[in-house]
Amino acid sequence: MFESLDNPIWFALTTEHRTLARSHGIARRYAPDVSPLAALLHPTNDAFADLRQLVSPGEPVALFTASPIDVPGDWQIDRSRWIDQMICEASLVPPPVAPLPLGTMDVPEMLELTAATEPGPFLPQTIQMGSYFGIRASEGRLVAMAGERLHTTAFTEISAVCTYPEFRGRGYARALTTFVAAQILAAGKIPFLHVKSENGAKVVYEKLGFRLRAGMCLNVISLR
């Protein structure tokens, strides 16, 4: 079961997110306004040829792989780095105050928050990928959020955990992550997430019960 996390985007786009998938042969991707994430069954020349049918020249797409990849000559690697994949199998107690559910009417504020904090790609239709929750300041401004991204039959990814700088240090990220993870566990799935090794949030995730499962290679590639 855990081996599916070596290729989580593929398993999301062929199971729980198959209705969001654009497919050709053994390549899959999300629509450009949903997410830049894409996947190959295996990183072969044939698979890259299939992915070529789904990507416009110069358009970057991102793949998670268990090891670094080589790309055919008509592709280029724009960026490649290791990130940590963490999972949580422990029971979590939800925070005392439940964050507010966010919907399509909240997307403009969500886009402003993620643009200011850069937790990872968040686009106009990313909200289709799962449930999102937020915390608002007393005047009503959305100041922190987190939600779900990749969904497979056994796992759900936590993503877009972010807080405006002036509201950090109040435990919002911890409360949001705890809440979303508890929701996932209550649904019978295992929460997982991806984080840069140097990101201080990793310590928070460890205190919540997340453990390192594996290093993953984040590859951003584009057609020449």
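Structure shown above.
Residues numbered from 1 in each chain as written. Predicted model: local features only at pLDDT ≥ 70, side-chain atom pairs only at ≥ 80, totals over all residues. Heavy atoms only, no water.

1. Some words on the sheet that holds strand S10 (residues 190–195)
Link 1 in the chain: What the eight strands build is an open sheet, ordered S4-S11-S5-S10-S9-S8-S7-S6; its pairing is mixed. Because the sheet does not close on itself, it has two edges, and the strands there are strand S4 (61–65) and strand S6 (100–102). This sheet shows a mean twist of 35 degrees between the axes of neighbouring strands, independent of strand direction.
Link 2 in the chain: As paired strands, strand S5 (residues 75–88) and S10 are joined by four bridges and run antiparallel to one another. Looking at the pairing, methionine 86 lines up with leucine 193 of S10.
Link 3 in the chain: The sheet contacts of helix H5 (residues 201–208) involve S5, strand S9 (155–163), S10 and strand S11 (210–223), and relative to S5 the element is tilted by about 30 degrees. (Pairing = 2+ DSSP bridges. Helix = DSSP H or I, 4+ residues; strand = E, 2+ residues; numbered from the N terminus. Axes fitted to C-alpha atoms, helices over the stretch in contact; angles between N-to-C directions. Contact = heavy atoms within 4.5 Å.)

2. Remarks on the sheet that holds strand S3 (residues 38–40)
Link 1 in the chain: Read from one edge to the other, the open sheet built from three strands follows the order S1-S2-S3, with strand pairing classed as antiparallel. The outermost strands of the open sheet, each flanked by one partner alone, are strand S1 (21–24) and S3. Across the sheet, the mean angle from the axis of one strand to that of its neighbour is 15 degrees, orientation sign disregarded.
Link 2 in the chain: Bridging between strand S2 (residues 27–30) and S3 involves three bridges; their strand directions are antiparallel. Paired with arginine 28 across the bridge in S3 is alanine 39.

Shape descriptors only; they carry no functional weight alone.
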